[in-house]
Protein chains: 2
Amino acid sequence: MSTDALPMTVPAPGLPARVRIHEVGPRDGLQNEAATVPTEVKAEFIRRLAGAGLATVEATSFVHPRWVPQLADAEALFPLVADVPAELPVLVPNERGLERALALGARRVAVFASATESFAQANLNRSVDGALAMFEPVVACAKEAGGHVRGYLSMCFGDPWEGPVPVDRVVRVCRALVDLGCDELSLGDTIGVATPGHVRALLTALEDAGIATGVLGVHFHDTYGQALANTLAALEHGVTTVDASAGGLGGCPYAKSATGNLATEDLVWMLRGLGIDTGVDLSRLVATSVWMADRLGRPSPSRTVRALTGSAADSHKEQ
Amino acid sequence: MSTDALPMTVPAPGLPARVRIHEVGPRDGLQNEAATVPTEVKAEFIRRLAGAGLATVEATSFVHPRWVPQLADAEALFPLVADVPAELPVLVPNERGLERALALGARRVAVFASATESFAQANLNRSVDGALAMFEPVVACAKEAGGHVRGYLSMCFGDPWEGPVPVDRVVRVCRALVDLGCDELSLGDTIGVATPGHVRALLTALEDAGIATGVLGVHFHDTYGQALANTLAALEHGVTTVDASAGGLGGCPYAKSATGNLATEDLVWMLRGLGIDTGVDLSRLVATSVWMADRLGRPSPSRTVRALTGSAADSHKEQ
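Quick notes on the rules
- For every chain, the first residue of its written sequence is number 1, and the numbers climb from 1 along that sequence.
- All chains are assigned letters beginning with A, and all ligands numbers beginning with 1, in the order in which they are written.
- Totals for whole chains, interfaces and linings use all residues, but because this is a predicted model, local features are given only for residues with pLDDT of at least 70 and pairs of side-chain atoms are given and counted only at 80 or more.
- The side-chain numbers reported here are obtained from all heavy atoms of the structure, hydrogens and water having been left aside.
- To qualify as a helix, a DSSP run of H or I must reach at least 4 residues; to qualify as a strand, a run of E must reach at least 2; elements of each kind are numbered from the N terminus.
- Only C-alpha atoms enter the radius of gyration; for comparison, a globular chain is expected to reach 2.2 Å times N to the power 0.38, where N is the number of residues.
- Only protein chains enter the accessibility calculation, which uses a 1.4 Å probe. A residue is then buried if its area is under 20% of the maximum for its type, exposed if over 50%, and partly exposed in between.
- Here a residue-residue contact requires only that any non-hydrogen atoms of the pair lie within 4.5 Å.
- Surface accessibility follows the Shrake-Rupley procedure with a 1.4 Å probe radius. Residue values consider only the protein chains on display as shielding.
- Positive: Lys, Arg. Negative: Asp, Glu. His and the chain ends are not part of the count.
- Every charge is mapped to an atom, namely NZ of Lys, CZ of Arg, CG of Asp or CD of Glu.
- We treat two strands as partners when DSSP finds at least two bridges between them.
- All axes here are fitted lines through C-alpha atoms, helices being fitted over the stretch that makes contact, and every angle between N-to-C directions spans 0 to 180 degrees.
- For this classification, under 35 degrees means roughly parallel, over 145 means roughly antiparallel, 65 to 115 means roughly perpendicular, and everything else is oblique.
- Put simply, a crossing is left-handed when the front helix is turned counterclockwise from the back one by less than a right angle, and right-handed when it is turned clockwise.
- Put simply, Ala, Val, Leu, Ile, Met, Phe, Trp, Tyr, Cys and Pro go in the nonpolar bin, Asp, Glu, Lys and Arg in the charged bin, and everything else, Gly too, in the polar bin.
- A carboxyl oxygen of Asp or Glu within 4 Å of a side-chain nitrogen of Lys or Arg is what we treat as a salt bridge.
- When the strands point away from the viewer and the connection leading from the first strand across the helix to the second strand turns clockwise, the crossover is called right-handed.
- Two rings from Phe, Tyr or Trp (for Trp, the six-membered ring) form a pair when their centres are within 6.5 Å of each other. A pair whose planes differ by under 30 degrees is stacked, one over 60 is edge-to-face, and the rest are tilted.
- The span one expects for a helix is its residue count, reduced by one, times 1.5 Å.
- Distance and chemistry together define a polar contact, namely a pair of N or O atoms within 3.5 Å, with one atom able to donate a hydrogen and the other to accept it when in protein, and with adjacent residues in sequence counting only for side-chain atoms on both sides.

### Some points on the overall build of chain A
For step 1, the next point in the chain: When its secondary structure is counted, chain A shows 12 helices and 11 strands.
For step 2, the next point in the chain: For chain A, whose C-alpha radius of gyration is 19 Å, the value lies close to the compact-globule estimate of 20 Å for 319 residues.
For step 3, the next point in the chain: Each principal axis of the C-alpha atoms in chain A carries an extent, and together these give about 60 × 45 × 35 Å.
For step 4, the next point in the chain: Per-residue burial for chain A yields a buried fraction of 63% across its 319 residues.
For step 5, the next point in the chain: Taking all contacts inside chain A whose residues are at least 6 apart in sequence as the whole, residues at least 24 apart take part in 76%.
For step 6, the next point in the chain: Element-wise, carbon and sulfur atoms account for 53% of the exposed surface of chain A, whose accessible area totals about 10,300 Å².
For step 7, the next point in the chain: Across chain A, the centroid of the 26 positively charged side chains sits 3 Å from that of the 36 negatively charged ones.

Set out below in structure tokens:
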């Protein structure tokens, strides 16, 4: 058995030399878990992810605990990971959330906007522009405090109520987030309906609108199995920040309405094959996801995790 | 809910206008099932797949029943599907298998070679060249009978015993298969370790060796979640034949050592998004895979099947 040497590294021309993975498992993954995970387990998860080489680990959310009870322990958690050698951004929905985060010493924060009116109403109880107005003082205040602000944008490709989302609408909200002062954007395919041509079209439209590709991250969901193909299209366009969730945490992929995040391991496997540097130790990352899966009591949905923790040489029948 | 309009069709420049899907579920999928499926169910599966618009459905194998007992009913099955309006290629390992297939009226046949010595020995009990010598009269005889011959080549990227497989070794065996008279080749990533740069490198090397891209099909496994990204790389190179298995049949993806085929539905979803014509009715295909999953008593591992048969609009939390 020599699959340790796999995948073979064969760079493809025109792709970035290095990609920064924005790990969202502890926040985006765990907030979708039915069971609330103990604070100490969350802290250990973040610590192990950083130990596996992930330089950016989104740690928690300062949304009101009523809305996301799974992350109601943000105040208790954040100090526990203060010494972790990684950037630990946190979600802040409004000025109150930002105050809580800043008081704990957080300086990397993220706001979350929507490209569609339906989701803005459902998720934020506001119009798209109403949400942007809410974020204006949040971004300004974070920047004044010397912070770095990520702007998440949900439903960039399709919306469960509205269907396909026009590219120019996404461009408009991205422009607004950049004008507010966001340092980076994360383009979310919240329901997983993007395909590679759509990804290219959106990235090209953003470039044409004067938004530098360097400020863009992509956040794909594997609902229809498209996340890695979409990532490849984004890399070909020059994107160098990719969101992913360790072990594919986030949404239960065994449920019928899976909304699973791209698994960090599947992403790292592809990038390793392409010779793109991520700084991640895949073995340690897989071990971390297996450890977390044990805590949650169900196996990781990541195909790479499953393949690497099984025996790869058995039962290979012809073709 | 308007996800019926999804994915939005956004073509990407430089991709083929049409792709021929070579459906392998009834053969490659079912031969890996622990339970033997009744002949009538297999016939109905093939009929429904053709009804969903799949123009090529690999029907069965004329390998000796001792080696693949799941497909021991080839003689009984083939006449049951004689009226199905699709090409129905069958696997033939040797002259005896070819005789059996020709006697039933089959004219599209496939031989299966290996790029590595280890797998040639394990699967065919022969060296790579010994297997090619065995296929020589098979291909010649099939061509004399007016047939069309596909040459499968396993382990084109990595091998569980030998590790990474050098591109030039794959090119050599492909050349030999073309020289034998094969009309088309299927490049198999049998253990799923290919990544997009490796795919491009192999396709470029084959082109440089004078093997026309038009005779090439790609056969990716989703063991590490890479199959669709690899397919995108192949499409970008001009490949227009892609193997896939309805519902992702083939290898049990819930087992640790998953070797699952690319699910036809996940492929069709991407191609539909890219505006690439396949002739496939996705709804009928999904219904067929659900029907087959019910016969097998376990859910389809295809993410698209799972997403389309669940409710897509529930539980969308922020980002």
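### Some points on the sheet that holds strand β5 (residues 108-114) of chain A
Residues and elements named next belong to chain A.
For step 1, the next point in the chain: In space, the 9 strands of this open sheet follow the order β2-β1-β11-β10-β9-β6-β5-β4-β3, with parallel pairing throughout. Bordering the open sheet on either side are β2 (56-57) and β3 (60-61), each of which pairs with just one other strand.
For step 2, the next point in the chain: As paired elements, strand β10 (residues 216-220) and strand β11 (residues 241-244) share 2 bridges and run parallel to each other. Along β11, the bridge assignment pairs Gly217 with Thr241.
For step 3, the next point in the chain: The strands touched by helix α7 (residues 167-180) within the sheet are β5, β6 (148-154) and β9 (184-189), with β6 carrying the most contacts at an inclination of about 165 degrees.

### Some details on the packing of helix α9 (residues 227-237) of chain B against helix α10 (residues 264-273) of chain B
To describe two helices that pack against each other, one gives the angle between their axes and the distance between the axes.
All names here are of chain B.
For step 1, the next point in the chain: Across the interface, α9 lies against α10 with an axial gap of 11 Å and an inter-helix angle of 45 degrees. Taken together, the axes of α9 and α10 lie oblique to each other. Where α9 crosses over α10, the two elements pack in a sense that is right-handed. For the pair formed by α9 and α10, the contact residues are Leu228, Thr231, Leu232 and Leu235 on the first element and Asp266, Leu267, Met270 and Leu271 on the second.
For step 2, the next point in the chain: Split by residue class, the contact of α9 with α10 holds 6 nonpolar, 1 polar and 1 charged.

### Regarding the sheet that holds strand β2 (residues 56-57) of chain B
Backbone-to-backbone hydrogen bonds join strands into a sheet, with any given pair of strands oriented parallel or antiparallel.
All names here are of chain B.
For step 1, the next point in the chain: Read across the sheet, 9 strands follow the order β2-β1-β11-β10-β9-β6-β5-β4-β3 without closing on themselves; strand pairing throughout is parallel. Two strands lie at the open edges of the sheet, namely β2 and β3 (60-61), each paired on one side alone.
For step 2, the next point in the chain: Pairing between strand β4 (residues 90-91) and strand β5 (residues 108-114): 2 bridges, direction parallel. Among the inter-strand pairings, Val90 is bridged to a residue of β5, identified as Val109.

### Topic: the pairing of strand β1 (residues 20-23) of chain B
All names here are of chain B.
For step 1, the next point in the chain: Bridge analysis of β1 against strand β11 (residues 241-244) gives 4 bridges, and the strand direction is parallel. Its bridge partner being in β11, Arg20 is matched across the sheet by Thr241.
For step 2, the next point in the chain: The pairing of β1 with β2 spans 2 bridges and is parallel. Considered in β2, the bridge of Glu23 is made with Val57.

### Regarding the pattern of salt bridges
Residue and element names in this part refer to chain A.
For step 1, the next point in the chain: Evaluated as defined, the whole model comprises 40 salt bridges over all chains.
For step 2, the next point in the chain: Between Arg48 and Glu44 there is a salt bridge whose closest N-O contact spans 2.8 Å. Placement of the pair is Arg48 and Glu44 together in helix α2 (residues 39-51), with a separation of 4 residues, close to one helical turn.
For step 3, the next point in the chain: The network of salt bridges with common partners includes Arg20, Arg150, Glu184 and Asp243.

### Topic: the pairing of strand β10 (residues 216-220) of chain B
Residues and elements named next belong to chain B.
For step 1, the next point in the chain: For β10, the tally of buried residues reaches 5 of 5 residues, placing the bulk of the element in the interior.
For step 2, the next point in the chain: Where burial is concerned, the two faces of β10 agree: the one with Leu216, Val218 and Phe220 and the one with Gly217 and His219 are both buried.
For step 3, the next point in the chain: Pairing of strand β9 (residues 184-189) with β10, which is carried by 5 bridges, proceeds in the parallel orientation. Along β10, the bridge assignment pairs Gly188 with His219.
For step 4, the next point in the chain: Regarding the hand of the β-α-β motif, the stretch spanning β9, helix α8 (residues 196-208) and β10 is right-handed.
For step 5, the next point in the chain: Crossover β10 to β11 through α9 is right-handed.

### Considering the packing of aromatic side chains
Any aromatic ring pair is given by two values, namely how distant the centres are and how the planes are angled relative to each other.
For step 1, the next point in the chain: Enumeration according to the criterion identifies 7 aromatic pairs over all chains in this entry.
For step 2, the next point in the chain: Considering the side-chain rings of Tyr224 of chain A and Trp269 of chain B, the 3.9 Å spacing of their centres and the 5 degrees angle between planes classify their relative orientation as stacked. Taken together, the positions of Tyr224 of chain A in the loop between β10 and α9 (227-237) and Trp269 of chain B in helix α10 put the pair across two chains. The exposure classification of Tyr224 of chain A matches that of Trp269 of chain B, with both residues buried.
For step 3, the next point in the chain: Seen in terms of ring centroids, Phe157 of chain B and Phe220 of chain B are 6.2 Å apart; in terms of plane orientation they differ by 45 degrees. Their pairing is tilted. Taken as a pair, Phe157 of chain B in the loop between β6 (148-154) and β7 (158-159) and Phe220 of chain B in strand β10 lie far apart in primary sequence, 63 residues in all.
For step 4, the next point in the chain: Owing to a relative accessible area of 2%, Phe157 of chain B belongs among the buried residues under this scheme.

### A short note on the environment of Gly147 of chain B
Residue and element names in this part refer to chain B.
For step 1, the next point in the chain: With respect to the element layout, Gly147 can be found in the loop between α6 (128-144) and β6.
For step 2, the next point in the chain: Sequence separation of Gly147 and Arg107 is 40 residues, and the distance between their C-alpha atoms is 4.5 Å.
For step 3, the next point in the chain: If near-sequence neighbours (up to four positions away) are discounted, Gly147 is found in contact with Arg107, Ala142 and Asp183.

### Here's the deal with α7 of chain A
Two residues of an α-helix separated by three or four positions point the same way, owing to the 3.6 residues in each turn.
Residue and element names in this part refer to chain A.
For step 1, the next point in the chain: With 14 residues, α7 ought to run about 20 Å at 1.5 Å a step, and its terminal C-alpha atoms sit 20 Å apart, in line with that.
For step 2, the next point in the chain: Along α7, the positions that sit buried rather than exposed are Val167, Val170, Val171, Val173, Cys174, Ala176, Leu177 and Leu180.
For step 3, the next point in the chain: Of the surrounding secondary structure, the elements contacted by the buried residues of α7 are β5, α6 (128-144), β6, β9 and α8 (196-208).
For step 4, the next point in the chain: Once α7 ends, the next one or two residues include Gly181, with phi positive near 120 degrees.

### Comments concerning unusual backbone geometry
For step 1, the next point in the chain: Although it is not a glycine, Met155 of chain A sits at a positive phi angle of roughly 60 degrees.
For step 2, the next point in the chain: Its location among the elements puts Met155 of chain A in the loop between β6 and β7 (158-159).

### Brief notes about the packing of α10 of chain B against helix α11 (residues 282-296) of chain B
Residue and element names in this part refer to chain B.
For step 1, the next point in the chain: As a packed pair, α10 and α11 sit with axes 10 Å apart at the nearest point and diverge in direction by 170 degrees. Here α11 runs roughly antiparallel to α10, going by the angle between their axes. Judged by the twist between their axes, the crossing of α10 over α11 is left-handed. Across from Thr264, Glu265, Val268, Trp269 and Arg272 in α10, the residues of α11 making contact are Leu282, Leu285, Val286 and Ser289.
For step 2, the next point in the chain: Considering only residue class, the contact of α10 with α11 consists of 5 nonpolar, 2 polar and 2 charged.

### Comments concerning the side chain of His22 of chain B
Residue and element names in this part refer to chain B.
For step 1, the next point in the chain: Mapped onto the secondary structure, His22 falls in strand β1.
For step 2, the next point in the chain: The buried category is assigned to His22, whose relative accessible area is 2%.
For step 3, the next point in the chain: A polar contact of 3.5 Å, which involves the side chain of His22, links it to the side chain of Tyr152.

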